[in-house]
Amino acid sequence: MIDYKTDAEGIATLTWNVASRPMNVLNAESMAAFDAAMRRAAGDPLVKGVIVTSARPEFVAGGDLDLIRDIRTAEESFAASGPVSATLRLLETSGKPFVAAINGTALGGGLEICLACHHRIVVDDPTIQLGLPEVTLGLLPAAGGTQRLPRMIGIKQALPYLLEGRKATPAAALAAGIVDEVVRADQLLDRARAWLLAAGAEATVKPWDAKGFRFPGGTPQTPGPTQLFFGAGGDLLARTQGLYPAPEAILACVYDGCQVDLDTGLKIEQRQFARLATSPATKNMIRTLFHAMGEANRLADRPKYIPPRAYQRIAVLGAGMMGAGIAYVSAQAGLDVVLLDANQGAAEKGKSYGAKLLDAQVAKGRMEAAKRDSILARVHPTTDYAQLTGCQIVIEAVFEDRAVKAEVTRKAEAAMDPEAIFASNTSTLPITGLAETSSRAAQFVGLHFFSPVEKMPLVEVIRGRQTSEASIAHALDFVKRIRKTPIVVNDCPAFYANRAFGMYPYEAMTMLGEGVDPALIENAGRMAGMPMPPLALIDEFSAELLYKAMKQAREDQGSAYREQPQDHVLITMVEKLGRLGRKVGQGFYEYPAEGGKRLWTGLAEVFPRAVEQPDVEQVRQRLMYSQSLEAARCVAEGIVSPRDADVGSLLGWGFPAALGGALGLIDTVGPDAFVDACDALARRHGARFEVPATLRDLARAGGRYYPA
Ligand code: NAD
């Protein structure tokens, strides 16, 4: 795992090469090997200095997250992370100079190895990333990162790297003082060797281990940083609502650890890490954001016996908001895209959507003009169906109208290659019904994108009753090809994401109709960790959308339609008041000309306040449990797998990652407690809180969606 080599001049080279894994990672075995190699070099009187580098494209990609999964207690946490921290401290205080020759990306524990070395040289390559991204998975850098980085570059400069997981290119890292030199790849080892040969004894003593160390920018108790900490705690709470323990723990490490010597600081870091490694929020984040999302991106459930489809040329029908976005991301991924609309002007306009986004990148210096031009050259606006020849997939994104969709399906299928698949991006019309207009229903799937397409990573792959497994597999290949994350959903009204997410605005409107104070509803949504309070959210996408869906359901179901508790609120807002939302300047909020927004004062008159108000926890529970319950129903009905339900909730509508997802919430509170709470909600608020039988059985058997 660590190649060991010495030369005639007394330079030892420790080369990371964890051949058993796809990348160099820190785990118990690789760290034991590194520890042994480090001790061997440090203890060998013939060794004058040591180079630490890697034989792989990356330096070291980070810690092995499987380690964390098994940690149950603080003791287990100390046992897992303590030795790594101790090894690096020993390296730092060994009396021999160590230089990190950083040939590729160094993240997390990888960068922490570099920080422990006495000198850092990195290859001049802007694709190399240096950073401590642990916080994004609910963790903290536990091999000295929270202690060494502030002591090197100052607390203020270190916090964005620690609290936000900011990553730096070699040039940015040099400017920030995280590395000492940036050199050409072919000079890396020579420079490292030269530095070691020139290094005197003083080079082996870190500033913080030398007498008279002055903390750059001051310690937490000196004026600048003190001010910083005054605001930091509050800012953090506003961002995390107290749901995410990692940034709090990191702040505590920096505040407490930077007032004491490094060894004590490292102990503080270990304790805070143990708090995180044993916390449900961190386990939830790692499970969904890392393992589940990784599986979804790798298409882990895709049947292997179906050969993968390599895409070169695709078509998008309808160059409106969604079609333009789909064409743009596809061209960006290197595909040739036929972008078809009813008239040439509309098709060109769809192409110009991508052009604007690319122009902005060029203007900011993030893209070469030539790259922009080559991406745009791949988009071919047209009205001619003959262009669909040679396309491996055709994605329909025309008006949400069955007749229009039927017409383009017919025209497209007449022109498509026999093996190509047809995908509809409908948001509300069941795929099985749309496929009835198809002459090749086995090759008809749903691909439900989210808006704006270039920003939203999720795509629901919808399986209609007649869709073949090969078509699902090929649709998954396409989603992967355009670097989006797919989940597989069996056809049902609203599919999975909109169906489960819809409960959030619906329950908010139901409560408003019952006389719950709207400010209470909005605050509860915010405190629950949702990206936006529910009434504000409805204003953003317009109540009219929900109103139209309600009208459609009434029409479709006729006398079988069951009045929903939020219906009267929608009818009042849309039909009676015309308060459709932000787009018309009035909704649940008012939007003063001078900017900003505030809850519409007239709401109290239209929906009179109940004398007795629920407490905020009850409101939060109704907003969140209703979503989780709908997700559980989808799982019970076989519409989506638990894993995809959770991935979909995080990526599709910003369900808080600390809960692991809409189903993760149920495991987090415990299925038994969740079912009891829903039973109580059902008694008080009605049948929509009744739990599906499979969830009740799971709870009574003491089971979980994700057994420990
Ligand atoms: P849009 O109105 O912006 O675009 C529709 C485009 O289809 C227009 O450019 C129109 O000219 C074109 N078109 C209409 N009839 C056509 C025909 N016969 N032949 C060729 N082109 C035709 O609509 P949108 O928001 O992009 O939505 C498109 C589809 O995506 C709808 O089915 C919608 O439900 C779905 N969808 C929308 C969203 C969203 O947030 N807007 C999200 C997911 C899915």
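Residue positions are given per chain, counted from 1 along the sequence in the order it is written. Two thresholds apply to this predicted model, a pLDDT of at least 70 for residue-level local features and 80 or more for giving and counting side-chain atom pairs, whereas whole-chain, interface and lining totals are computed over all residues. Only hydrogens and water are removed before side-chain values are computed, so all heavy atoms of the structure are retained for them.

Caption draft 1: Main features of the overall build of the chain. When its secondary structure is counted, the chain shows 30 helices and 21 strands. Every radius of gyration here is taken over C-alpha atoms, with the globule rule written as 2.2 Å times N^0.38, N being the number of residues. At 29 Å, the chain has a C-alpha radius of gyration in line with the 27 Å of a compact globule built from 708 residues. Principal-axis analysis of the C-alpha atoms places the extent of the chain at approximately 90 × 65 × 55 Å. Categorising residues by exposure relies on relative accessible area from a 1.4 Å probe, with only protein chains included: less than 20% of the type maximum marks a residue as buried, more than 50% marks it as exposed, and the intermediate range marks it as partly exposed. For the chain, the proportion of its 708 residues judged to be buried stands at 55%. Accessible surface area values rest on a Shrake-Rupley calculation with a 1.4 Å probe, where residue burial reflects the displayed protein chains alone. Here the chain displays about 29700 Å² of accessible surface, and carbon together with sulfur accounts for 55% of that area. We treat Lys and Arg as the positive residues and Asp and Glu as the negative residues; His and chain ends play no part in the count. Lys charges are placed at NZ, Arg charges at CZ, Asp charges at CG and Glu charges at CD. Positive and negative side-chain charges of the chain, numbering 76 and 80 respectively, have mean locations separated by a distance of 2 Å. Secondary structure elements follow DSSP: runs of H or I no shorter than four residues count as helices, runs of E no shorter than two count as strands, and numbering proceeds from the N terminus.

Caption draft 2: The arrangement of empty space enclosed by the protein in detail. Definitions used for this entry: grid spacing 1 Å over protein atoms alone; cavity, a set of points where a 1.4 Å probe fits but cannot get out; pocket, an open set with protein on both sides within 12 Å along at least 5 of 7 lines; lining residue, one with an atom within 4 Å of a point. Grid points are joined across faces, edges and corners, and a volume is the space filled by probe spheres set on the points. Counted according to the given criterion, the structure contains three cavities of 30 Å³ or more. The space that makes up the largest cavity amounts to roughly 60 Å³. Lining the largest cavity are Ala296, Leu299, Ala300, Asp301, Arg302, Leu476, Pro486, Ile487, Val488, Arg643 and Asp644. Where the lining of the largest cavity is concerned, the elements lending two or more residues are strand 19 (485-490) and helix 27 (642-653). A total of three residues in the lining of the largest cavity trace back to one element, the largest contributor, which is strand 19. Residue classes follow a fixed rule: Ala, Val, Leu, Ile, Met, Phe, Trp, Tyr, Cys and Pro count as nonpolar, while Asp, Glu, Lys and Arg count as charged, and any other residue, Gly among them, counts as polar. Its residues assigned to classes, the lining of the largest cavity comprises seven nonpolar, no polar and four charged. Of the volumes computed, that of the second largest cavity is approximately 50 Å³.

Caption draft 3: Inspection of helix 4 (residues 109-116) at higher detail. Within helix 4, eight of the eight residues are buried, leaving the element largely enclosed by the surrounding structure. Looking only at helix 4, the buried set comprises Gly109, Gly110, Leu111, Glu112, Ile113, Cys114, Leu115 and Ala116.

Caption draft 4: Layout of helix 9 (residues 223-240). To estimate the expected span of a helix, count its residues, drop one, and scale the result by 1.5 Å. With 18 residues, helix 9 should reach 26 Å at 1.5 Å per residue; the first-to-last C-alpha distance of 26 Å fits that figure. Values of bend correspond, residue by residue, to the angle between axes fitted over the seven residues ending at that residue and the seven starting there. Along helix 9, the helix axis deviates most sharply at alanine 232, where the bend reaches about 25°. Residues Pro225, Phe229, Ala232, Leu236 and Thr240 constitute the buried set of helix 9. Every residue pair with non-hydrogen atoms within 4.5 Å of one another is taken to be in contact. Looking at the packing, one finds that the buried side of helix 9 touches helix 6 (155-163) and helix 10 (245-257). In the stretch just after helix 9, glutamine 241 is the one whose phi turns positive, near 55°.

Caption draft 5: Examining the sheet that holds strand 6 (residues 98-102) more closely. If you trace the six strands from one edge of the open sheet to the other, you get 1-2-4-6-8-11, paired in mixed fashion. In this open sheet, the two edge strands, each paired with only one partner strand, are strand 1 (2-6) and strand 11 (181-183). Neighbouring strand axes in the sheet, compared pairwise and without regard to direction, differ in orientation by 20° on average. When DSSP locates at least two bridges between a pair of strands, those strands are taken to pair. Relative to strand 8 (residues 119-123), strand 6 runs parallel, the two sharing four bridges. Axis geometry follows a simple rule: fit a line to the C-alpha atoms, using only the stretch in contact for helices, then measure angles between N-to-C directions, giving values from 0 to 180 degrees.

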